[in-house]
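# Remarks on the overall topology
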Amino acid sequence: MTIMQKSALKSGLMALVALCALVATAASAQVQTLDRVVAVVDDDVVMASELQQRLNTIMSQIQAQQVQAPPIDILRRQVLEQLIIERLQLQMAARAGVTISEAELDQAIARVQQNAGMSPEAFRQQLAADGISMKNFRHQIRQEMLIRRVEQGSVNRRIQITDQDIDNFLRSKEGEFWKSPQYELGHILIPVNSSAPADEVKKAREKAEQLARQAREGADFRRLAIANSAGQNALSGGDLGWRKTVELPTLFADALEGLKVGDVTDPFRSDAGFHLLKIHAQRGATEQVVEQTKVRHILIKPSAILSDDDAYNKLVELRKQIEKGADFAKLARENSEDIGTMLQGGDLGWSMPGQFVPEFTQAMNNTPVGQISMPFRSQFGWHILKVEGRRKQDMTDQYIRNQAANLLRNRRYEEELQNWRREIRDQAYVEINLPDMQEKSQD
């Protein structure tokens, strides 16, 4: 289609929308302000009433936060751009066959109600007081979920975190700080001058050793610190608060190596005297023994040809075949649309916590070993899975690397999201029809 043809199509769409609005106005026999198109966005439009409604909502939020609102013309432009991007994302969702089932929508609304601390009835009453029907609210939540899925699917594909990226981060000063465990520490100092005679040093060491024995036998470390320590935190029970190992003197960090919560160090000496440390609590960088699940799955993606219900029913039928003795791996090779695993019979190997999307993780955790899950929906489509085994595995190093990868991915996500939004905006046909915002663009 040429640009002139596309422009003519958009103009025809605008005329049709305006004609429908005019007919509706005449039929109502009431004097009304005619709604109008303020933007054509590829195959869709943004109406003036929608822009005004969103603008009113944003203005209310700004007033509630008691901050200075930008000039109305600037705010209107920002809101319209937001609506244009949303239109493009919803069109992408429709083309990709992304859908939100009623069950998923019900769960999302239940979470909103729970976070608001309201019963379903109280929540409905609040919506009514705000002039929002439950039907419109469900529509709004459905659209937000569609947009989020399109964003996540499109942006995550653009972000590649390599092993080298992870290595570089973990070796950096920031990475060292990030992965360093954090201890809540108690401290006792038995003072002795670095030039003190041997008998004074021996006496101080023996006192420190005696206090260490008492602490290990159950004496309250904080009481011991108050009664015996010469440290600056002695009167507060020797508490040093939460400290990362990289924030501690090397002498302290070395003394803590290999210790667990509740342990007390052996006495160690500095120029100030003999020290004792107790680990009251620890967080971060602890040993990670995780439960792994070995799982296979079959993915069926809804499309323009295969409806959401048809995809679900196809998996129901495949599940019946497996329960009657059919080989899961064979059916996965023949039917699964997960390109990465179909040739391996749907084998996903041994999982790591956080590896899969929440819907997949929940179904996997709820399925006993050797059993087949019921079909369930994720952002990728409909799945069934088979749990082939579970085990506990020490994954401390791998856990740290996975956490680092997630950190790096989350950092890049927002930047890449903005880049992606800019790209789809630049590639779209957009015609704006506001007095202060005349614009026309096309791919």
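Once a new chain begins, its residue numbering starts again from 1 and follows that chain's sequence as written. Only residues with pLDDT of 70 or above have their local features reported here, since the model is predicted, and side-chain atom pairs are shown and tallied only from 80 upward, although totals for entire chains, interfaces and linings are computed over all residues. As a convention, hydrogens and water are excluded, and side-chain values are obtained from all of the structure's heavy atoms.

## Side note on the overall build of the chain
Operational definition: For the purposes of this entry, the term helix denotes a DSSP run of H or I that reaches at least four residues, the term strand denotes a run of E that reaches at least two, and both are numbered from the N terminus. With a 1.4 Å probe rolled over the protein chains alone, any residue whose accessible area is under 20% of its type maximum counts as buried; one over 50% counts as exposed, and the rest are partly exposed. Contact definition: two residues touch when any of their heavy atoms are within 4.5 Å. For every accessible area listed, the method is Shrake-Rupley and the probe measures 1.4 Å; residues are considered covered only by the protein chains on display.
Looking only at helices and strands, one finds 15 helices and twelve strands in the chain. For the chain, the proportion of its 443 residues judged to be buried stands at 40%. Of the contacts formed within the chain by residues at least 6 apart in sequence, a portion of 68% connects residues at least 24 apart. Counting only carbon and sulfur atoms, one obtains 50% of the accessible surface of the chain, whose full area is about 25,500 Å².

## Thoughts on the packing of aromatic side chains
Counted only if it meets this: To pair, rings of Phe, Tyr and Trp, with the six-membered ring standing in for Trp, must have centres within 6.5 Å; the planes then decide the type, stacked if under 30 degrees apart, edge-to-face if over 60, and tilted in the middle. Over a ring means this: the NZ of a Lys or the CZ of an Arg is within 6 Å of the ring centre and within 35 degrees of the ring normal.
For the structure shown, the criterion picks out six aromatic pairs. A centroid spacing of 5.3 Å and a plane angle of 65° characterise the contact between phenylalanine 123 and phenylalanine 137, whose relative ring orientation is edge-to-face. Highlighted residues: phenylalanine 123 in helix α5 (residues 120-129) and phenylalanine 137 in helix α6 (residues 134-156), separated in sequence by 14 residues. Of the two residues, phenylalanine 123 and phenylalanine 137, both sit in the buried class. Between the aromatic rings of tyrosine 312 and tryptophan 382, the centroid separation amounts to 5.1 Å while the plane-to-plane angle is 70°, which identifies the pairing as edge-to-face. Residue tyrosine 312 is found in helix α12 (residues 308-323), and its partner tryptophan 382 is found in strand β10 (residues 381-394); the two are separated by 70 residues along the sequence. A residue is classified by how much of its surface remains accessible, and tryptophan 382, at 9% relative accessible area, is buried. Ring pairs connect the aromatic residues Phe356, Phe360 and Phe376, which therefore count as one cluster. Sitting over the ring of phenylalanine 177, lysine 244 keeps its end group 5.3 Å from the ring centre. When the ring centre of tryptophan 350 is taken as reference, the NZ or CZ atom of arginine 391 above it lies at 4.1 Å.

## Overview of the environment of glutamate 416
Within the secondary structure, glutamate 416 is located in helix α15 (residues 396-427). By relative accessible area, glutamate 416 is classed as buried at 19%. In this structure, the C-alpha to C-alpha distance between glutamate 416 and asparagine 156, residues 260 residues apart in sequence, is 8.7 Å. Once residues lying within four places of it in the same chain are set aside, the contact partners of glutamate 416 are Val155, Arg158 and Ile159.

## Quick notes on the sheet that holds strand β4 (residues 239-244)
Selection criterion: Whether two strands pair depends on DSSP finding at least two bridges between them. Interaxial angle, 0 to 180 degrees, is taken between N-to-C directions of lines fitted to C-alpha atoms, where a helix line uses only the stretch in contact.
What the four strands build is an open sheet, ordered β4-β3-β6-β5; its pairing is antiparallel. Only two strands of the sheet have a single partner each, and these edge strands are β4 and β5 (268-270). Within the sheet, the average angular offset between the axes of one strand and its neighbour, ignoring direction, is 40°. Note that strand β3 (residues 182-191) and β4 share five bridges and pair antiparallel. Opposite glutamine 182, over in β4, you have lysine 244 as the bridge partner.

## Description of the sheet that holds strand β7 (residues 289-300)
Spatially, β8-β7-β10-β9 is the arrangement adopted by the four strands of the open sheet, whose pairing is antiparallel. At either margin of the open sheet sits one strand with a lone partner, and together these are β8 (347-350) and β9 (376-378). The average angle at which neighbouring strand axes cross in this sheet is 35°, direction not considered. Direction of pairing for β7 relative to β8: antiparallel, over a ladder of two bridges. Residue pairing in the sheet places lysine 294 in a bridge with tryptophan 350 of β8. Where α12 meets the sheet, it contacts β7, β9 and β10, and its direction lies at approximately 55° from that of β10.

## Some words on the environment of glutamine 398
Positionally, glutamine 398 belongs in helix α15. A residue is classified by how much of its surface remains accessible, and glutamine 398, at 35% relative accessible area, is partly exposed. Separated by 46 residues in the primary sequence, glutamine 398 and methionine 352 place their C-alpha atoms 9.0 Å from one another.

## Re the packing of helix α7 (residues 163-171) against α15
To keep things clear, this is the line we draw: Working definition: roughly parallel below 35 degrees, roughly antiparallel above 145 degrees, roughly perpendicular at 65 to 115 degrees, and oblique for all remaining angles. For this classification, the nonpolar set comprises Ala, Val, Leu, Ile, Met, Phe, Trp, Tyr, Cys and Pro, the charged set comprises Asp, Glu, Lys and Arg, and every other residue, Gly included, is treated as polar.
At their nearest, the axes of α7 and α15 sit 10 Å apart, and the two run at 100° to each other. The orientation of α7 relative to α15 falls into the category roughly perpendicular. Contacts between α7 and α15 involve Asp163, Asp165, Ile166, Asp167, Phe169 and Leu170 from the first element and Ile400, Arg401, Ala404, Ala405, Leu407, Leu408, Arg411 and Arg412 from the second. Taken together, the residues that form the contact of α7 with α15 break down as eight nonpolar, no polar and six charged.

## Description of the nonpolar core
The condition that has to hold: Joining through side-chain atoms within 4.5 Å is the link that ties buried Ala, Val, Leu, Ile, Met, Phe, Trp, Tyr and Cys residues into a set, and such a set is a nonpolar core.
Leu80 and Ile84 are the most contacted members of the largest nonpolar core, which has 47 residues in total. Residues Ala196, Ala212, Ala215 and Leu276 belong to the second largest nonpolar core, which totals 16 residues.

Purely spatial values, then, with no claim about function.
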